[in-house]
Amino acid sequence: GIDGGIMYNFNRRFSLFGSARFYYMFGDESYNDAYMENMAFGGGIKFNILPSRKLNPYLFAEANLNFIWMQEWIYDFTYPNGGYYNNEFGTAIGGLGGVWLDFKLNENLSFFMQTGTYYTNWDGRLNLYSQLGVRLNMIKSKTI
């Protein structure tokens, strides 16, 4: 998947963010001929635990709206090619929350690793969602 977003820092500990996320999920052992695409738009909060340190653990939580496309191969030998594709589209409310770590190189650049649980009311499952990325501080406020 790929994510992008924008964040506003109220102070060194508390931030609000907006994000857009696209991910593609392959089938599993139960449904190896299935796939799902999810485009999500969300917003949330981030709380820095040690904001002045080079290694800064943090907590985050996000609520999102998901647009989900799913395709599954249904085996049915009454069809000439042995089955058919079942296509579905839907929207779902979801959430993502977890904890992890920022590694600051300087005031404008940091790397992050985070993981958390991702839930949508589409299928009612909790999924583990992990991310690696780069944070760029492009605009600096004079008041923080």
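Throughout this document, residue positions are counted from 1 along each chain, in the order its sequence is written. Two thresholds apply to this predicted model, a pLDDT of at least 70 for residue-level local features and 80 or more for giving and counting side-chain atom pairs, whereas whole-chain, interface and lining totals are computed over all residues. Hydrogens and water molecules were not included; the side-chain quantities draw on all heavy atoms of the structure.

The way it works is that DSSP assigns letters per residue, a run of H or I at least four long becomes a helix, a run of E at least two long becomes a strand, and they are numbered from the N terminus. Looking at where lysine 46 falls in the secondary structure, it is placed in strand β3 (residues 34-48). Three labels apply to residues, based on accessible area from a 1.4 Å probe with only protein chains included: buried if under 20% of the type maximum, exposed if over 50%, partly exposed otherwise in between. Classification of lysine 46 as buried rests on a relative accessible area of 6%. It is 31 Å that separates the C-alpha atoms of lysine 46 and tyrosine 35, two residues lying 11 residues apart in sequence. By definition in these notes, contact holds between two residues if any of their heavy atoms fall within 4.5 Å. Non-local contacts of lysine 46, meaning those with residues more than four positions away in its chain, are made with Met7, Arg13, Phe14, Ser15, Phe17, Tyr58, Leu59, Phe60, Asp102 and Arg135. A distance of 2.9 Å separates the side chain of lysine 46 from the side chain of aspartate 102, its partner in a polar contact. Whenever two N or O atoms come within 3.5 Å, that pair is a polar contact, provided that in protein one can donate a hydrogen and the other can accept it, and provided that, for residues adjacent in sequence, both atoms are side-chain atoms.

The next point concerns the side chain of asparagine 48. Tracing the chain through its elements places asparagine 48 in strand β3. Side-chain polar atoms of asparagine 48 contact the backbone oxygen of arginine 12, separated by 3.0 Å. Residues within four places of asparagine 48 in sequence aside, it is in contact with Arg12, Arg13, Asn56, Pro57, Tyr58 and Asp102.

A word on the pairing of strand β2 (residues 14-26). Should DSSP find at least two bridges between two strands, the strands are regarded as paired. Pairing between strand β1 (residues 2-9) and β2: 8 bridges, direction antiparallel. In the strand pairing of β2, glycine 4 is matched with alanine 20. Between β1 and β2, which pair antiparallel in sequence order, lie 4 residues.

As paired strands, strand β6 (residues 109-120) and strand β7 (residues 126-136) are joined by 11 bridges and run antiparallel to one another. Each residue of the ladder has a partner; that of phenylalanine 112, found in β7, is glycine 133. Connecting β6 to the next strand, β7, in antiparallel fashion are 5 residues, including glycine 124 with a positive phi near 75°.

Once that is clear, we can look at the nonpolar core. By size, the foremost hydrophobic cluster in this structure holds 11 residues: Tyr23, Met36, Ala40, Tyr58, Phe60, Ile68, Ala92, Leu96, Phe112, Tyr118 and Tyr129. The dominant element in this core, judged by the number of residues it contributes, is strand β4 (residues 55-75), at 3 residues. When sequence neighbours within four positions are dropped, the list of residues in contact with alanine 92 reads Asn64, Leu65, Asn66, Ile68, Thr120, Asn121 and Trp122. Residues belong to one nonpolar core when they are buried, are Ala, Val, Leu, Ile, Met, Phe, Trp, Tyr or Cys, and are joined through side-chain atoms within 4.5 Å.

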